[in-house]
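# Architecture and fold: a report
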Amino acid sequence: MNRALARLIAGQICVHACMTGMRMAAPLLALRQGHSAAAVGLLLALFALMQVVLALPAGRYVDRHGLKRPIGYAVVVACLGAWLALLWPIFAVLCLAALMTGGATGAAIIALQRHVGRTAAHDATQLKQVFSWLAIGPAASNFVGPFLAGQLIDHAGSAGIDGFRAAFALMAVLPLLTWFWVRNAVELPPVIAAAGPPQRAWDLMNELPFRRLLLVNWILASCWDVHTFAVPLLGHERGMSASVIGSILGAFAIAAAVIRLLMLLVAERLRERVVVAGAMLVTALLFAVYPLLGTALGMGLCSVLLGFALGSVQPMVMSLLHQITPAHRHGEALGLRLMVINASSVFMPMLFGSAGTVIGVGGLFWVIGAAVGGGAWLAGRMDEREPGKPV
């Protein structure tokens, strides 16, 4: 990993940690204010809603303008969102902050992924390596954001400070660090598309491998959503503190980062579809066990194993996506992928909140576990093309 890539990863960690910290602190505050599980599900869904709305426009914008201009706008919006939650920590404002920090993070991630993919798009092995490095960013921020927010919520009160306000204040600072890391990045020359009629983003869906990739990615994204949604509820039901809940989520993030580091050592030997199919089977097994564990230690161990399984997926998906889409449309493809998986993230938490009152939190794990286990066969055929179409 060179210095330029390290700076981009650091910038990704900061803006993504802002969102993950908000995504952990805001639902806990809503629960303490007496809001229902369904309301918390709505709040969590809003972190993904703006990413659905902005994903395709952001992808096209990134294809035209590169890296730094989209990142600059994202930093401003994320800071404002966290700042509003700090000033007015009521449910309506928390919802607005979720929209702003979620949308800003999505746009920043598209810009970073496209830039990194273009700098290393020489062969499949190199793509897997650079996206394994880049995927460490979200894994690290999934630890940094919730862990720091949980610590501030629990311990700032001893100094006479509102813990939730302190957490929101820190989240407002983190995106500024993103600009510090990214500001000196060298822009790449634009990719000129071949002459021809204008193409729509949805034309990418005509390719069977891309459709399968999106479907598999959506199923796995639902697993992340279940874990993010259900662990705070399980912890709250069992009387765990915010710092313990944050540590369980943080253990998941650390495991996801570790497996991505290990994958760098064997990138040449990994086949995308084999890794993803295996991860889906392991996830199904862990989801069957997770709700039966009643202690923080047991939940933490299961969280680590789940982090190993789900953490291995993103580098493989990103590598395959860059292989099956044209270079001048990588931003659109990344935006379409982000839109599809976040569309489910908008509705799934609300569905989780409603279903959780009927079948319980444990039932959510079992239903999604069955779905991800059943989808493993599709992952095994992800890179197959339709007969008669060129490779």
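Computed from a prediction, not measured in an experiment: that's the story for all the values here. (Residues numbered from 1 in each chain as written. Predicted model: local features only at pLDDT ≥ 70, side-chain atom pairs only at ≥ 80, totals over all residues. Heavy atoms only, no water.)

### What to know about the overall build of the protein
Secondary structure assignment for the protein yields 13 helices and 0 strands. The order of α-helices and β-strands along the protein, N terminus first, is α-α-α-α-α-α-α-α-α-α-α-α-α. With 391 residues in all, the protein has 57% of them scored as buried. Across the protein, every contact between residues at least 6 apart in sequence was considered, and the portion connecting residues at least 24 apart equals 85%. (Helix = DSSP H or I, 4+ residues; strand = E, 2+ residues; numbered from the N terminus. Buried < 20%, exposed > 50% of the residue type's maximum accessible area, 1.4 Å probe, protein only. Contact = heavy atoms within 4.5 Å.)

### A word on the side chain of T178
By the element assignment, T178 lies in helix 6 (residues 163–182). Every residue in contact with T178, bar those within four places of it in the chain, is listed here: G11, C14, V15, I71 and V75.

### Thoughts on the confidence of the model for the protein
Here the protein shows a mean pLDDT of 81. Residues at 70 or above account for 86%. Per-element averaging of pLDDT across the protein places helix 12 (residues 330–374) at the bottom with 74 and helix 3 (residues 68–87) at the top with 92. (pLDDT = per-residue confidence, 0-100.)

### So, the environment of A135
Of note, A135 is situated in helix 5 (residues 124–155). A relative accessible area of 1% means that A135 is categorised as buried. The contacts of A135, once residues within four sequence positions are left out, are R260, Q314 and P315.

### Notes on the packing of helix 2 (residues 37–65) against helix 3
Direction vectors running N to C along helix 2 and helix 3 enclose 135 degrees, while the axes themselves pass 8 Å from each other. The pairing of helix 2 with helix 3 is recorded here as oblique in orientation. For the pair helix 2 and helix 3, contact is made by Y61, V62 and H65 and by R69, P70 and Y73, respectively. The residue inventory of the contact of helix 2 with helix 3, partitioned by class, reads 4 nonpolar, 1 polar and 1 charged. (Axes fitted to C-alpha atoms, helices over the stretch in contact; angles between N-to-C directions. Parallel < 35°, antiparallel > 145°, perpendicular 65-115°, else oblique. Nonpolar A, V, L, I, M, F, W, Y, C, P; charged D, E, K, R; others polar.)

### Quick notes on a nonpolar patch on the surface
A surface patch of nonpolar side chains, about 710 Å² in accessible area, is lined by I254, V258, L262, L265, V266, L301, L305 and F308. Elements represented by at least two residues in the nonpolar patch include exactly helix 8 (242–265) and helix 10 (296–311). One can find V266 in the loop between helix 8 and helix 9 (272–289). (Patch = residues over 30% accessible without salt bridge, like charges linked within 9 Å, V, L, I, M, F, W, Y side chains within 5 Å. Areas by Shrake-Rupley, 256 points an atom, 1.4 Å probe, with all protein chains shown as cover. Salt bridge = Lys/Arg side-chain N within 4 Å of Asp/Glu carboxyl O.)

### Side note on the environment of L112
With respect to the helices and strands, the residue L112 is situated in helix 4 (residues 91–119). With 100 residues separating them along the chain, L112 and Q12 place their C-alpha atoms 7.5 Å apart. For L112, the residues in contact, after removing those within four places along its chain, are L8, Q12, L67, I71 and L134.

### Quick word on the nonpolar core
Core analysis: the biggest nonpolar cluster contains 119 residues, and F168 and M280 have the highest contact counts within it. With 15 residues, helix 1 (residues 3–32) is the largest single contributor of residues to this core. Discounting chain neighbours no more than four positions away, the residues touching M280 are V216, I219, L220, V372, G373, G375, A376 and A379. (Core = buried A, V, L, I, M, F, W, Y, C linked by side-chain atoms within 4.5 Å.)

### Focus: helix 4
In this model, helix 4 (29 residues) spans 42 Å end to end at C-alpha, consistent with the 42 Å of a helix rising 1.5 Å per residue. Summarising burial for helix 4: 25 of the 29 residues are buried, a large majority. (Expected span 1.5 Å × (residues − 1).)

### What to know about the packing of aromatic side chains
Two descriptors summarise a pair of aromatic rings, namely the distance from one centre to the other and the angle between the planes of the rings. Tallied over the entire structure, the rule returns 5 aromatic pairs. An angle of 75 degrees between the planes, with centres 5.1 Å apart, marks the rings of F180 and W181 as edge-to-face. Pairing W224 with F252 gives two aromatic rings, centres 4.8 Å apart and planes at 85 degrees, and the pair type is edge-to-face. Taken together, the positions of W224 in helix 7 (residues 208–237) and F252 in helix 8 put the pair 28 residues apart, joining distant regions of the chain. (Phe/Tyr/Trp six-rings, centres within 6.5 Å; stacked < 30°, edge-to-face > 60°.)

### Let's talk about helix 9
In this model, helix 9 (18 residues) spans 26 Å end to end at C-alpha, consistent with the 26 Å of a helix rising 1.5 Å per residue. All of the buried residues along helix 9 are E272, V275, V276, A277, A279, M280, T283, A284, L286 and F287.

### Some thoughts on the environment of L42
In this fold, L42 is placed in helix 2. Remark: the alpha-carbon pair of L42 and P27, spanning 15 residues in sequence, is separated by 9.6 Å.

### Side note on the side chain of Q113
In this fold, Q113 is placed in helix 4. Taking relative accessible area as the criterion, Q113 reaches 4% and is therefore assigned buried. Setting aside chain neighbours within four positions, we find Q113 in contact with F131, L134, Q314, M318, H322, L334 and R337.

### Section: the state of the cysteines
The full count for this structure, using the stated rule, is 0 disulfides. Between C18, a cysteine without a disulfide, and C79, which holds the nearest cysteine sulfur, the sulfur-to-sulfur distance is 6.9 Å. (Disulfide = S-S within 2.5 Å.)

### A look at the packing of helix 9 against helix 10
Running from N to C, helix 9 and helix 10 cross one another at 160 degrees; their axes reach a closest spacing of 8 Å. Taken together, the axis directions place helix 9 and helix 10 in an arrangement best described as roughly antiparallel. In this structure, helix 9 meets helix 10 at a crossing whose hand is left-handed. Contacts between helix 9 and helix 10 involve A279, V282, T283, L286 and F287 on the former and, on the latter, C302, L305, L306, A309 and L310. Classifying every residue of the contact of helix 9 with helix 10 by side-chain character gives 9 nonpolar, 1 polar and no charged. (Left-handed = near helix turned anticlockwise from the far one by under 90°.)

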